[in-house]
Amino acid sequence: MEFIRNFPFFSILLSLGSGVLTSIMNRKVARLWNTFVLLAVTAMSAVLFVYMLGVGESYTFMMGHFPAPWGNEIRAGVLEAGMALFFCIVMLLSMKGGEEHIDTEIEETKVNLYYIMINLLLSSLLALIYTNDLFTAYVFVEINTISACGLIMIRQSGRTIEAATRYMIMSSLGSGLLLMGLCVLYDITGHLLMSNIKESIAYVYAQGTYVIPLVASIGMICVGLAIKSALYPFHTWLPDAYGYSTVSSAAILSSLVSKGYIFLLIKIFFRVVGFDIIVDTKIVNILFVFGLLGMIMGSVNAIMENDIRRMVAFSSVAQIGYIYMGLGLGTTFGIVASIFHVLSHASTKSLLFVAAAGLTDASGGSKRFEDLTGSGYRNPMAGIAFTMGACSMVGIPLFSGFISKMLFAEAAVQNSLSKMLPTLICLAISTVLNAIYFMKTVIRLYTPKSRKVKKTEAGEAAIVSFREHPLYNFTLILMIALNVLLGCCSQPIADWIISGINMFG
Amino acid sequence: MSRLLSEQEYRKTKAFKVKRWYRGDKDPYIGRVELRPQKPFEEDVNTQKKRIHDEAILQRNIYDIEHNRKLMMFSKFYKVISVLFVFTLIGILLYMVSYLPPVGNAANPDNNEVATKYIEDAMKDTGAVNIVTGMILDYRAFDTLGESNVLFIATCTVLILLRVDSRSKKKEEEENDRLYEPKNDIILQKVAFFLVPMIIIFGIYVILNGHLSPGGGFSGGAIIGSGLILYVNAFGFKKIERFFTQKTYKWICFVALLFYCLAKTYSFYCGAHHLETGIPLGTPGDILSSGLILPLNICVGMVVACTMYAFYAMFRKGGF
Amino acid sequence: MKVFQVVLFIFLIVCAISVSFSKNLLNSIIIFMSYSLIMSIIWILLESPDLAITEAAVGAGITSILFFVTLKKIHAIVAVEHDEEKAGHHRHDRKGGAK
């Protein structure tokens, strides 16, 4: 076996072990080590990705001495490797973008606990991406949930603790449903390994013996993961959690944690149940309806919001609605569009959160729109970055959001009329709503401050020069570059996603 | 009644004390148990004002249902929907369960080659008599590695939430701590004197025999943890701090989990490349057998015991 | 044995329902404790002693202790005592969270 094939295993174990290592480190060493781990995992994933593109077929890696149905196993294909690479990059950028805030907003003695959370979150995301076994997926879903909870409440204020409690309750409900679904699946198939379950399910479905438990379990898994990734009616925990936690947490939570669950759901669709059966059971239609609802309602809520962070958080609800709508279209093309939107939303949302933090800092820490007036002049880099992110969210060409919207529209056109019309109408409405609240914010950022606006508590905030926060500005530039890269090189990326999905089957 | 001892000497014997206690003449607690009753909640005028203000706002915005139409509609809607939701869920689940394969039927789908191999070969493959331990620590060790990290991260989250780091607050917490238990409670102390060693030894037994009999690292660790909690309750934090402090906790957890990670990394690596690990399995049934399972069980047990105690200490006074 | 199992299951359901409907938090916790105890017996009947040991130690033991400590911290147990004593002359303006 070639040495490169060890890399998924190395990256999971490295991040898992460094969580433990970090527990005895002090603040500075913990940060250095965390950066090292993120860089190392990024490098390994990149090498693996290039290698997988060359090889063109997936492989499995035995975890332990026993072959698959008995022991554990992880599996790497081109889509998994690419996702891991992308997630690592976004996590690294979000961490670096919020580094100053970590130091100021978190108690000094608890910073290393924060890095433990980040390391374990990384390992759980990697394991969710690479796993080939449903129970392993469940275990790492748990780690993901608890570490996300820690990320929310590390900044100890009343709002974050309340948000963390809400998140915990909703996530426990989601985990419970997921676990019940897995138990039923095990009961009717007798396997936990994804490929074996797929064989048994094809058999069971053809026989027609356990169809009702099968449908119920798929339903429970879908609803469980939808709750965890904040699909529209289950989004109540989201605005507080994203709006009041520290910047890196908000960026990571919105761009990675919920996306990990969505990736797991896609994996379950293709690797566990089989996409034909999923489409045949009509469960996708439910996801479709709730996705459409989320697209509209998330945007409406965002328009009514008067707090920039919460507005961006509500915009996440809308974007997750897009992703589920793509899943609900029930075609491979819809899935491709969804995965592309996972990428584009992850890169854009982290950019928006980090940029918003810079803008609020330039306005004396206030997140209200009145105080943000003209902050685009006070912190030029953050203003530019926020504008770029907003353009991408609205769907202006050259940015990634445009491509994902185009892919959604193409996928909808290929569908039957009953799904095509609602999709296109909702896409149009949602885009207009997106434009309303993002452009409103951008205009507000570049309105010169009038004298009537009352001064913030910190007085007139000074203009932040470009050289003052080199790391922060550099991160923003990289994030914009990532976004534009996704928007300009969309064709190779779409090809890569399609080949990855083919490898699933 | 003839009495061999004089009255004064009789008063010193145990029999007299027991009799006195039995008659209820003297309360053995008086002068020995130090229990500070919890004071009624006191607050200064400013915080009280603020609280009353907050409560008024809360009352107006949240609980004043009669004047808030939207809220009234919402609360009614919520009640109806939640009841409906629960009943639908119960209905779906019951309906689904009736279609599941019957329990214990030989023709069930889950009675397949996977389970058969576990039952037939587990002893040979892993060297553990207890198949369950063999499964969780050898066949599916990756899941268990994740599971022990769940525990670790749960402790970290509790540390974030409850650990008190500033000096002044720590002192305050320690003073308040006396509210939660009587100090020098004789009954508790005597019972704990007998029970704690037995509980801890039983826990150690369960851990060390994890590969031979039911139990293992997690259950044994939980038992030891509850023993430690009983000890703290009876004798107070001062006594336990002579051998168990925050530092001990940190290092025990660190060493155990790191060993776990490294050992499993080594064994996964060897397994994936079809190499021999060089760890002897021993004869099944011996205490020193089944390769890595015994040390891993000990590690898990230590982590769990420390975690359980740490939870308790965190909840009580935000530190050790 | 079958009857015993059925009795245990009925107890389990009764416990689960009464935990959620009990108005007093202290009672809920004690009922929850008995729920765990019954659960651990059921695990033994289902031939999984591993789980039974863990359930008894964690579910019935440590979880309930943590709940008790929490109740004490939020001044919930004291309020219950006062309610039971019906000490009319000794009235706090602040009611405990238990009710």
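Residues numbered from 1 in each chain as written. Chains lettered and ligands numbered in written order. Predicted model: local features only at pLDDT ≥ 70, side-chain atom pairs only at ≥ 80, totals over all residues. Heavy atoms only, no water.

(A) View of the overall build of chain B. Broken down by element type, chain B carries 12 helices and zero strands. Within chain B, the proportion of its 320 residues that are buried is 39%. Considering only residue pairs separated by 6 or more positions, chain B has 70% of its internal contacts joining residues 24 or more positions apart. Accessible surface, chain B: about 19200 Å² in total, of which carbon and sulfur atoms supply 65%. (Helix = DSSP H or I, 4+ residues; strand = E, 2+ residues; numbered from the N terminus. Buried < 20%, exposed > 50% of the residue type's maximum accessible area, 1.4 Å probe, protein only. Contact = heavy atoms within 4.5 Å. Areas by Shrake-Rupley, 256 points an atom, 1.4 Å probe, with all protein chains shown as cover.)

(B) Quick peek at the nonpolar core. M91(A), F269(A), Y324(A), F386(A), F438(A), L476(A) and I497(A) are the most contacted members of the largest nonpolar core, which totals 242 residues. With 18 residues, the top contributor of residues to this core is helix α11 (residues 247–273) of chain A. (Core = buried A, V, L, I, M, F, W, Y, C linked by side-chain atoms within 4.5 Å.)

(C) Up close: the interface of chain B and chain A. The interface is formed by 53 residues belonging to chain B together with 60 residues belonging to chain A. For the pair chain B and chain A, the two sides together bury roughly 5400 Å², of which 73% comes from carbon and sulfur. One salt bridge in this structure joins D133(A) and R140(B), with 2.9 Å as the shortest N-O distance. Between chain B and chain A we count 13 residue pairs in polar contact (both at pLDDT 80 or more) in total. Mapped by element, the contributors of at least two residues to the side of chain B that touches chain A are α4 (69–97), α5 (113–126), α6 (131–139), α7 (141–162) and α11 (246–272) of chain B. In terms of residue count, the dominant contributor to the side of chain B that touches chain A is α7(B) (16 residues). Within the side of chain B that touches chain A, the residues separate by chemical class into 31 nonpolar, 11 polar and 11 charged. (Buried area = accessible area lost by both parts, 1.4 Å probe. Salt bridge = Lys/Arg side-chain N within 4 Å of Asp/Glu carboxyl O. Polar contact = N/O pair within 3.5 Å; in protein donor to acceptor, adjacent residues only side chain to side chain. Nonpolar A, V, L, I, M, F, W, Y, C, P; charged D, E, K, R; others polar.)

(D) How the structure looks around unusual backbone geometry. Positive phi, close to 55°, is recorded for H274(B), a residue that is not glycine. By the secondary structure assignment, H274(B) is in the loop between α11 and α12 (293–317). Residue H274(B) is classed as exposed on the basis of its relative accessible area, which comes to 65%. Its identity is not glycine, yet E47(C) carries a phi of approximately 65°, on the positive side. Here E47(C) lies in the loop between α2 (25–45) and α3 (49–73). Take E47(C): its relative accessible area is 70%, and that puts it in the exposed class.

(E) Spatial organisation of helix α5 (residues 111–130) of chain A. Taking 1.5 Å as the rise per residue, α5(A) with 20 residues should run 28 Å; its terminal C-alpha atoms sit 29 Å apart, in good agreement. Most of α5(A) sits inside the fold, with 20 of its 20 residues counted as buried. (Expected span 1.5 Å × (residues − 1).)

(F) Quick look at helix α8 (residues 194–207) of chain A. Residues and elements named next belong to chain A. The end-to-end C-alpha distance of α8, which contains 14 residues, comes to 20 Å, matching closely the 20 Å that a straight helix rising 1.5 Å per residue would cover. Residues of α8 that are buried sit in contact with α6 (134–153), α7 (158–189), α9 (211–228), α11 and α12 (275–280). Where α8 terminates, the next one or two residues include G208, which has phi positive at roughly 80°.

(G) Main features of the packing of aromatic side chains. Summed over the entire model, instances satisfying the criterion amount to 36 aromatic pairs over all chains. For the pair F7(A) and F10(A), a centre-to-centre distance of 6.5 Å together with 40° between the ring planes defines the contact as tilted. Here F7(A) and its partner F10(A) are both found in helix α1 (residues 7–22), three residues apart, which amounts to about one turn of the helix. Residue classification places F7(A) among the buried residues on the basis of a relative accessible area of 14%. Where Y242(A) meets F353(A), the ring centres are 6.2 Å apart and the plane angle is 85°; that geometry is what we call edge-to-face. Note that Y242(A) is positioned in helix α10 (residues 238–244) and F353(A) in helix α15 (residues 332–362), a separation of 111 residues in sequence. Each member of the pair, Y242(A) as well as F353(A), carries the same accessibility label: buried. Through a chain of ring-to-ring contacts, the aromatic side chains of F3(A), F7(A), F9(A), F10(A), F61(A), F140(A), F142(B), F268(B) and Y269(B) assemble into a single cluster. A cation over an aromatic ring shows up here: R5(A) above the ring of Y59(A), its NZ or CZ 4.5 Å from the ring centre. (Phe/Tyr/Trp six-rings, centres within 6.5 Å; stacked < 30°, edge-to-face > 60°. Lys NZ or Arg CZ within 6 Å of the ring centre and 35° of its normal.)

(H) Spotlight on the side chain of S315(A). Residue and element names in this part refer to chain A. Inspection of the secondary structure assignment puts S315 in helix α14 (residues 308–328). For S315, a relative accessible area of 0% gives the class buried. Those residues in contact with S315, other than ones at most four positions away along the chain, are A302, K349, M393, Y437 and F438.

(I) Expanded view of the arrangement of the chains. Here two pairs of chains are in contact, and chains A and B lead that list by number of contacts. Nowhere do chain A and chain C come into contact; their C-alpha atoms are at least 15 Å apart.

(J) The confidence of the model for chain B, seen in detail. Per-residue confidence for chain B gives a mean pLDDT of 83; residues scoring 70 or more make up 90%. When mean pLDDT is taken per element in chain B, helix α9 (residues 186–208) of chain B scores highest with 91 and helix α8 (residues 167–177) of chain B scores lowest with 73. (pLDDT = per-residue confidence, 0-100.)

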